[in-house]
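Listed here are the chains, written in short residue letters.
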Amino acid sequence: MGNSLSRAAIAVGLSLGLATLGAAVPASAATPTAPAGLTAYNGSAAEAKANKAFFEAVLASVAEKRAANPTSTAAVTVVYNASAAPTFSAQIARSTAIWNGAVTNVKLASGSAANADFSYREGNDSRGSYASTNGHGSGYVFLDYAQNQQYDSVRVTAHETGHVLGLPDHYTGPCSELMSGGGPGTSCTNSSPNAAERARVNQLWINGLAAALDKQLDKSLAK
């Protein structure tokens, strides 16, 4: 969790942690120290900008594939790769199932690193968990071990994936709101988006993908 953006990547702590619902910290990992300010869920303009950039990178990655195969009638699919986050494989699979059951205009599917629109990673980071993109690729979601000791990991992973699908943080929301993240405290274990969040994702992937696809097709025709 941090307040500055790296020049190499737009990275931001999402103020959400992971708990130990079957996701034990690997024995090889050093015992982490919880990042300072872990309970300060205030958000910032930098966080909002980074989350938006991450979503736009994923959207562009999906649109580029669609533009390369414009005759495809397959449902819109966002491909992820979780090979770099083995500790949280169960949580990632569960959050994927939650989102796939909640929305209709976009689906998440596991795939190879070479074909992924984004990936998951794990480790120790003083910023906590965050989403990162350098503006040229699809980026990744980083899951931090220290926060995993305090918060429900399925909720965290589903929350992080909400950013992938275009939702911003709303830390002042209730526990029933997935994107309220860690705002409601460590006792909150809700890992499902509410009706408004589901509707927003469906809307984003109708309108946003159409615009991104038009842009990619224009680029292809200009070559």
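Cut-offs applied
Residues numbered from 1 in each chain as written. Predicted model: local features only at pLDDT ≥ 70, side-chain atom pairs only at ≥ 80, totals over all residues. Heavy atoms only, no water. Helix = DSSP H or I, 4+ residues; strand = E, 2+ residues; numbered from the N terminus. Contact = heavy atoms within 4.5 Å. Areas by Shrake-Rupley, 256 points an atom, 1.4 Å probe, with all protein chains shown as cover. Pairing = 2+ DSSP bridges. Right-handed = clockwise from strand over helix to strand, strands pointing away. Phe/Tyr/Trp six-rings, centres within 6.5 Å; stacked < 30°, edge-to-face > 60°. Lys NZ or Arg CZ within 6 Å of the ring centre and 35° of its normal. Disulfide = S-S within 2.5 Å. Core = buried A, V, L, I, M, F, W, Y, C linked by side-chain atoms within 4.5 Å. Buried < 20%, exposed > 50% of the residue type's maximum accessible area, 1.4 Å probe, protein only. Axes fitted to C-alpha atoms, helices over the stretch in contact; angles between N-to-C directions. Parallel < 35°, antiparallel > 145°, perpendicular 65-115°, else oblique. Left-handed = near helix turned anticlockwise from the far one by under 90°. pLDDT = per-residue confidence, 0-100.

Remarks on the overall build of the protein
So, step 1. Looking only at helices and strands, one finds five helices and six strands in the protein.
So, step 2. In the protein, the succession of α and β elements from N to C terminus is β-α-β-α-β-β-β-β-α-α-α.
So, step 3. Long-range pairs, those at least 24 residues apart, make up 73% of the contacts in the protein between residues at least 6 apart in sequence.
So, step 4. A total of about 10100 Å² of accessible surface is found on the protein, and carbon and sulfur atoms cover 53% of it.

Structural notes on the pairing of strand β3 (residues 107-110)
When a strand is regular, its side chains alternate between the sheet's two faces.
So, step 1. Taken together, the four bridges between strand β2 (residues 77-84) and β3 define a ladder with parallel strand orientation. Across the sheet, residue Thr77 finds its bridge partner in β3, namely Lys107.
So, step 2. Crossover connection from β2 via helix α2 (residues 89-102) to parallel β3: handedness right-handed.

Points about the packing of aromatic side chains
So, step 1. For the structure on display, the rule yields eight aromatic pairs.
So, step 2. The interplanar angle of 65 degrees and the centroid separation of 5.2 Å between the aromatic rings of Phe118 and Tyr120 together place this pair among those described as edge-to-face.
So, step 3. Through a chain of ring-to-ring contacts, the aromatic side chains of Phe54, Tyr80, Phe118 and Tyr120 assemble into a single cluster.
So, step 4. One Lys or Arg, Arg121, reaches over the ring of Tyr140 and ends 3.7 Å from the middle of that ring.

Comments concerning the state of the cysteines
Between two cysteines, a covalent bond joining their sulfur atoms is known as a disulfide.
So, step 1. One pass over the structure, following the stated rule, counts one disulfide.
So, step 2. Between the sulfur atoms of Cys175 and its disulfide partner Cys188 the distance amounts to 2.1 Å. Linking Cys175 and Cys188, the disulfide has an S-S dihedral of approximately 90 degrees and is accordingly described as right-handed. Separated by 13 residues along the polypeptide, Cys175 in the loop between α4 (153-164) and α5 (195-222) and Cys188 in the loop between α4 and α5 bring together distant segments of the chain.

Comments concerning the nonpolar core
So, step 1. Within the largest apolar cluster, 37 residues are counted, with the highest numbers of intra-cluster contacts made by Val78, Trp99, Phe118, Tyr120 and Trp205.
So, step 2. Within the residue set of this core, elements represented by two or more residues are α1 (45-68), β2, α2, β4 (118-123), β6 (140-144), α4 and α5.
So, step 3. The element contributing the most residues to this core is α1, with six residues.
So, step 4. Not counting chain neighbours up to four residues away, the residues in contact with Trp205 comprise Phe55, Val58, Leu59, Val62, Val76, Val78, Asn105, Val106, Val164 and Leu165.

Considering the packing of α2 against α4
Axis angle and axis distance: for two packed helices, these are the angle between their axes and the distance between the axes, and together they describe the pair.
So, step 1. Between α2 and α4, the shortest axis-to-axis distance is 8 Å and the interhelical angle comes to 55 degrees. Overall, the two elements α2 and α4 adopt an arrangement that is oblique. Note that α2 runs across α4; the crossing there is right-handed. Contacts from Gln91, Ile92, Arg94, Ser95, Ile98 and Trp99 of α2 reach α4 at Ser153, Val154, Thr157, Ala158, Thr161 and Gly162.

Remarks on the confidence of the model for the protein
So, step 1. On average, residues of the protein score 77 in pLDDT, and 72% of them are at 70 or above.
So, step 2. Here strand β1 (residues 10-13) is the element of the protein with the lowest mean pLDDT, 32, and α2 is the one with the highest, 97.
So, step 3. Predicted confidence is poor over residues 1-40, with pLDDT under 50, and the contacts of this stretch with residues over four places away or in other chains come to 121 contacts.

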